[in-house]
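Listed below are the residues making up each chain.
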Number of protein chains: 2
Amino acid sequence: MPPKNDRFLRALRREPVDCTPVWLMRQAGRYLPEYRATRAQAGSFLAMAKNPELACEVTLQPLRRFDLDAAILFSDILTVPDAMGLGLHFVEGEGPKFERPVRDAAAIAKLGVPDMETELRYVMDAVRTIRRELDGKVPLIGFSGSPWTLACYMVEGGGSDNYARIKALALNDPKALHALLSVNTDAVIAYLAAQRAAGAQALQVFDTWGGVLSPAMYREFSLPYLTRIARELARGEGAERTPLILFGKGNAPYLEALAASGCEGVGVDWTVTLEDAARRTGGKVALQGNLDPATLYGSPEAIRAQVGLVLDSYAAGNGGSREGHVFNLGHGMSPDMSPDHVAVLVDAVHALSARPA
Amino acid sequence: MPPKNDRFLRALRREPVDCTPVWLMRQAGRYLPEYRATRAQAGSFLAMAKNPELACEVTLQPLRRFDLDAAILFSDILTVPDAMGLGLHFVEGEGPKFERPVRDAAAIAKLGVPDMETELRYVMDAVRTIRRELDGKVPLIGFSGSPWTLACYMVEGGGSDNYARIKALALNDPKALHALLSVNTDAVIAYLAAQRAAGAQALQVFDTWGGVLSPAMYREFSLPYLTRIARELARGEGAERTPLILFGKGNAPYLEALAASGCEGVGVDWTVTLEDAARRTGGKVALQGNLDPATLYGSPEAIRAQVGLVLDSYAAGNGGSREGHVFNLGHGMSPDMSPDHVAVLVDAVHALSARPA
């Protein structure tokens, strides 16, 4: 049964909608006081993510406040390498860390695809719980980090300024890096297929760090693995009704290739105009984005004006039509953003994109 | 009198050279033990930058080790706002900070262009000292931060993850931001003209943070000010023999506009191929770049191979010719890089680009 509000899924199929759907990357996050309360109750970010009831609670929180057109599973992009045995933990103010990073061919050879219904059962339970609680109100998006982005954290052992270790591996032992990316890709495909089987109605891959690569390296170490995910997921059960979105920060140079991957949607950051992105992808995929998240620091009037510019930029590149656009930010929200401003944004998207009756 | 080694200046004029010239952004830096020794002697980064003899010493250090084709003034990009009264200081591990950031129209209205031969005399003295000590060996590059990049630090009060404050200013009070960018532009032009008068033989503007802007905002808040710098410097004394390079991280979408600004060279990061950059700029300017700095973490063999790819990429976009290319990294060096690998890189550039006799 399609959700009561199916704007998001229709837009991903480039079908007509009454107004442009909107959701926001990291819409369940620290900018919401109720999120901070649930996190305090859980004791830590990871305890919250690993508890299906609490993950469900924070997933639903932004939907109670804002007229959002999709929910996104609350989880972390590093659940998969954690289940591979790398030991994910969080250091306050420093972000995610792995206790056992993988840095050579020997460590990589030991990695395997985790079992989705045992080692990652908490994620699938969260998907099932959220679907039940959503009760068909809006569709639920499942997600994963991309093979390259997961590999960045797995090799660096955490965040990085310059990706020294993984780029050295790419240069000195590309075969080992390909082995890592290959097992990551197998795991991401299994992970997304399991989320789909558990009830996710759309899937998104976050290639957060693809943009730190040179074009030659992107085409060798990120793009082929994203393409394999799109092709293999398109063959699985439920594929025809579960669209895939490939999001990447800094993916503007590669939009044509991403649109040809077999995915349904491409998510872009704010360093490219949607007019340009729509022209270059020529209606092959839906586009998702791409307001600069920092717009939320502006006044309500400025937010409305910028929302209008993004909507119109998409239409300008899409032959005057607003169909095939999912509104979003170009990157995730920050903890110091104002919930009131989010409400302004969401309402502005719907009001400024309402199709003539 | 032209320097004994004038490859760099000839390449910026797109004239034939015996091999492609090379210098490296942040070539005078913490990766060199002799730099760390001088810094320890000075007591702090800022004390070193403000002492012309020590600034000269660290400027010359990499030239003693490597066959570099240009020296670049050792200084900081924030000297100008410091001279405007913002109170530059450095917090260990956190980078530059301003004691008195400017955050509104009233604070901006109080800013003026500093006097170059009093408030920034230490920079001009460093230029004169370095020119004397270089004794015509290689040309000396002077530099400045771009108006937008200086404004980022001036408004944020230091580095930033998301540029919340300056983007809010751009949205809520664009007139105030334009006033700030305008005084910054006047100051940058005066600063670069003074460096030229003191002996700098080429000039570079670092638009380090232009790439964090959306295309519309880049075209409103960074590009016009870069263009004004290029136009006004082209009219000043010594202009005909002192080429200007506009470098920007994330400037790939704007290469055509930058090439039309009136500058002699455009510096690009590694997220675009030089083949593409050369095609799009069509011989209007020289191009500088663009090896991923992380390549220096690779093996000597990998470094040589990657240098060859960058050289060949440029030629492929430039009708098969290597003329008009200044080799550089796509961004600055990091403290944990190996001086031995820098030697491999510099020698590979010269060896792999040597023109047939």
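Rules used throughout
Residues numbered from 1 in each chain as written. Chains lettered and ligands numbered in written order. Predicted model: local features only at pLDDT ≥ 70, side-chain atom pairs only at ≥ 80, totals over all residues. Heavy atoms only, no water. Helix = DSSP H or I, 4+ residues; strand = E, 2+ residues; numbered from the N terminus. Rg over C-alpha atoms; globule rule 2.2 N^0.38 Å. Buried < 20%, exposed > 50% of the residue type's maximum accessible area, 1.4 Å probe, protein only. Contact = heavy atoms within 4.5 Å. Areas by Shrake-Rupley, 256 points an atom, 1.4 Å probe, with all protein chains shown as cover. Lys, Arg positive; Asp, Glu negative; His and termini not counted. Charge placed at Lys NZ, Arg CZ, Asp CG, Glu CD. Pairing = 2+ DSSP bridges. Salt bridge = Lys/Arg side-chain N within 4 Å of Asp/Glu carboxyl O. Least-squares fit on C-alpha atoms with pLDDT ≥ 70 in both. Buried area = accessible area lost by both parts, 1.4 Å probe. Polar contact = N/O pair within 3.5 Å; in protein donor to acceptor, adjacent residues only side chain to side chain. Nonpolar A, V, L, I, M, F, W, Y, C, P; charged D, E, K, R; others polar. Axes fitted to C-alpha atoms, helices over the stretch in contact; angles between N-to-C directions. pLDDT = per-residue confidence, 0-100. Parallel < 35°, antiparallel > 145°, perpendicular 65-115°, else oblique. Left-handed = near helix turned anticlockwise from the far one by under 90°. Right-handed = clockwise from strand over helix to strand, strands pointing away.

## Thoughts on the overall build of chain A
Here is step 1 of the chain: Across its full length, chain A holds 16 helices and 9 strands.
Here is step 2 of the chain: A compact globule built from 357 residues should have a C-alpha radius of gyration of about 21 Å, and chain A, at 19 Å, falls within 12% of that.
Here is step 3 of the chain: If one aligns the C-alpha atoms of chain A with their principal axes, the spans along those axes are about 60 × 45 × 40 Å.
Here is step 4 of the chain: Looking at the 357 residues of chain A, the share that counts as buried comes to 62%.
Here is step 5 of the chain: Residue pairs in contact within chain A that sit at least 24 positions apart in sequence constitute 72% of those at least 6 positions apart.
Here is step 6 of the chain: Of the accessible surface of chain A, which amounts to about 13000 Å², a share of 51% is contributed by carbon and sulfur atoms.
Here is step 7 of the chain: Charge separation in chain A, taken as the distance between the mean sites of 37 positive and 41 negative side-chain charges, equals 2 Å.

## Here's the deal with the sheet that holds strand β9 (residues 325–329) of chain B
Residues and elements named next belong to chain B.
Here is step 1 of the chain: In spatial order, the strands read β1-β4-β5-β6-β7-β8-β9; together these 7 strands make up an open sheet with parallel pairing. Pairing within the sheet leaves two strands with one partner each, and these edge strands are β1 (71–72) and β9.
Here is step 2 of the chain: Examined bridge by bridge, strand β6 (residues 244–248) and strand β7 (residues 265–267) share 3 bridges and lie parallel to one another. When the sheet's bridge partners are listed, Leu246 is paired in β7 with Val266.

## Some words on the pattern of salt bridges
Here is step 1 of the chain: Under the criterion given, the structure shown has 45 salt bridges over all chains.
Here is step 2 of the chain: Where Arg279 of chain B meets Glu275 of chain B, a salt bridge forms, and the shortest distance between an N and an O atom there is 3.0 Å. Here Arg279 of chain B pairs with Glu275 of chain B, and both are found in helix α14 (residues 274–281), just 4 residues apart, close to one helical turn.
Here is step 3 of the chain: On the basis of relative accessibility, which here comes to 52%, the residue Arg279 of chain B falls in the exposed class.
Here is step 4 of the chain: By sharing partners, the salt bridges in this structure join Glu117, Arg121, Asp125 and Arg128 of chain A into a single network.

## So, the relation of the copies chain B and chain A
Here is step 1 of the chain: The two copies are related by a screw operation: chain B maps onto chain A through 180° of rotation and 0.0 Å of translation along the axis, at an RMSD of 0.0 Å. Seen this way, the second copy is the image of the first under a two-fold rotation axis.
Here is step 2 of the chain: Take the interface residues of chain B: 100% of them recur as interface residues in chain A, which is what a same-surface contact looks like.

## Brief notes about unusual backbone geometry
Residue and element names in this part refer to chain A.
Here is step 1 of the chain: In this model, Gly289 is joined to Asn290 through a cis peptide bond whose omega is -5°.
Here is step 2 of the chain: The backbone of Asp135 sits at a positive phi, close to 55°, despite the residue not being glycine.
Here is step 3 of the chain: When you line up the elements, Asp135 lands in the loop between α7 (121–134) and β4 (140–145).
Here is step 4 of the chain: The exposed category is assigned to Asp135, whose relative accessible area is 54%.

## A few points about the interface of chain B and chain A
Here is step 1 of the chain: Facing 27 residues of chain B, the contacting portion of chain A comprises 27 residues.
Here is step 2 of the chain: Interface of chain B and chain A: buried area, both sides summed, is about 1900 Å²; carbon and sulfur atoms make up 60% of it.
Here is step 3 of the chain: At the boundary of chain B and chain A, one finds 2 salt bridges.
Here is step 4 of the chain: Note that Lys167 of chain B and Asp292 of chain A form a salt bridge whose closest N and O atoms lie 2.7 Å from each other.
Here is step 5 of the chain: On the surface where chain B and chain A come into contact, there are 10 residue pairs in polar contact (both at pLDDT 80 or more).
Here is step 6 of the chain: The element contributing the most residues to the side of chain B that touches chain A is helix α9 (residues 164–172) of chain B, with 5 residues.
Here is step 7 of the chain: Residue composition of the side of chain B that touches chain A, grouped by class: 13 nonpolar, 11 polar and 3 charged.

## What to know about the sheet that holds strand β9 (residues 325–329) of chain A
All names here are of chain A.
Here is step 1 of the chain: Within the open sheet, the 7 strands sit side by side as β1-β4-β5-β6-β7-β8-β9. Their pairing is parallel. In this open sheet, the two edge strands, each paired with only one partner strand, are β1 (71–72) and β9.
Here is step 2 of the chain: Lying over the sheet, helix α14 (residues 274–281) contacts β8 (286–291) and β9, oriented at roughly 165° with respect to β8.

## Some details on the confidence of the model for chain A
Here is step 1 of the chain: Looking at chain A as a whole, its pLDDT mean stands at 97, while 100% of the residues score no less than 70.
Here is step 2 of the chain: For this predicted complex, the interface score ipTM comes out at 0.96, alongside a pTM of 0.97.

## Brief notes about the environment of Gly267 of chain B
Residue and element names in this part refer to chain B.
Here is step 1 of the chain: Relative to the helices and strands, Gly267 is located in strand β7.
Here is step 2 of the chain: Its relative accessible area of 0% is what places Gly267 among the buried residues.
Here is step 3 of the chain: Note: C-alpha distance between Gly267 and Asn328 (61 residues apart in sequence) is 8.5 Å.
Here is step 4 of the chain: In this structure, Gly267 is in contact with Ile245, Leu246, Phe247, Gly248, Asn251 and Gln288, ignoring residues within four places of it in sequence.

## Things to note about the side chain of Thr38 of chain B
All names here are of chain B.
Here is step 1 of the chain: Locating Thr38 in the fold gives a position in helix α2 (residues 33–42).
Here is step 2 of the chain: At 2.9 Å, the side chain of Thr38 and the side chain of Gln61 are in polar contact.
Here is step 3 of the chain: If we ignore the near neighbours within four places in the chain, the residues touching Thr38 are Met48, Leu54, Glu57, Val58 and Gln61.

## Focus: the side chain of Thr20 of chain A
All names here are of chain A.
Here is step 1 of the chain: Here Thr20 is to be found in the loop between α1 (7–12) and α2 (33–42).
Here is step 2 of the chain: Residue classification places Thr20 among the buried positions, given a relative accessible area of 0%.
Here is step 3 of the chain: Reaching out from Thr20, the side chain makes a polar contact with the side chain of Arg355 at a distance of 3.0 Å.
Here is step 4 of the chain: Among all residues touching Thr20, those that are not within four sequence positions of it are Asp69, Leu311, Arg322, His325, Phe327, Val349, His350, Ser353 and Arg355.

## Observations regarding the packing of helix α15 (residues 300–317) of chain A against helix α16 (residues 339–353) of chain A
Residue and element names in this part refer to chain A.
Here is step 1 of the chain: Viewed as axis vectors pointing N to C, α15 and α16 meet at an angle of 40°, and their least axial separation amounts to 9 Å. Taken together, the axis directions place α15 and α16 in an arrangement best described as oblique. Considering how the two elements wind past one another, α15 and α16 form a crossing that is right-handed. Where α15 abuts α16, its residues Pro300, Ile303, Arg304, Val307, Gly308 and Leu311 lie against His341, Val344, Leu345, Ala348, Val349, Leu352 and Ser353.
Here is step 2 of the chain: Counted by class, the contact of α15 with α16 contains 9 nonpolar, 3 polar and 1 charged residues.

## A look at the pairing of β8 of chain A
Two faces belong to every sheet, and in a regular strand the side chains alternate between them.
Residue and element names in this part refer to chain A.
Here is step 1 of the chain: Among the 6 residues that make up β8, 6 are buried, leaving the element largely enclosed by the rest of the structure.
Here is step 2 of the chain: Where strand β7 (residues 265–267) and β8 come together, 3 bridges link them in parallel fashion. The residue bridging Gly265 from the neighbouring strand is Ala286, located in β8.
Here is step 3 of the chain: You can see the chain leave β7, run along α14 and come back into β8, and the turn it takes is right-handed.
Here is step 4 of the chain: In the sheet, β8 pairs with β9 via 5 bridges, with the strands oriented parallel.

## So, the packing of helix α10 (residues 174–198) of chain A against helix α12 (residues 223–233) of chain A
All names here are of chain A.
Here is step 1 of the chain: The contact between α10 and α12 brings their axes to 10 Å, and the two run at 35°. In this structure, α10 meets α12 at a crossing whose hand is right-handed. Here His178, Leu181, Ser182, Thr185, Asp186, Val188, Ile189, Leu192, Ala193 and Arg196 of α10 come into contact with α12, specifically with Tyr225, Arg228, Ile229, Glu232 and Leu233.
Here is step 2 of the chain: When grouped by side-chain class, the residues that make up the contact of α10 with α12 number 8 nonpolar, 3 polar and 4 charged.

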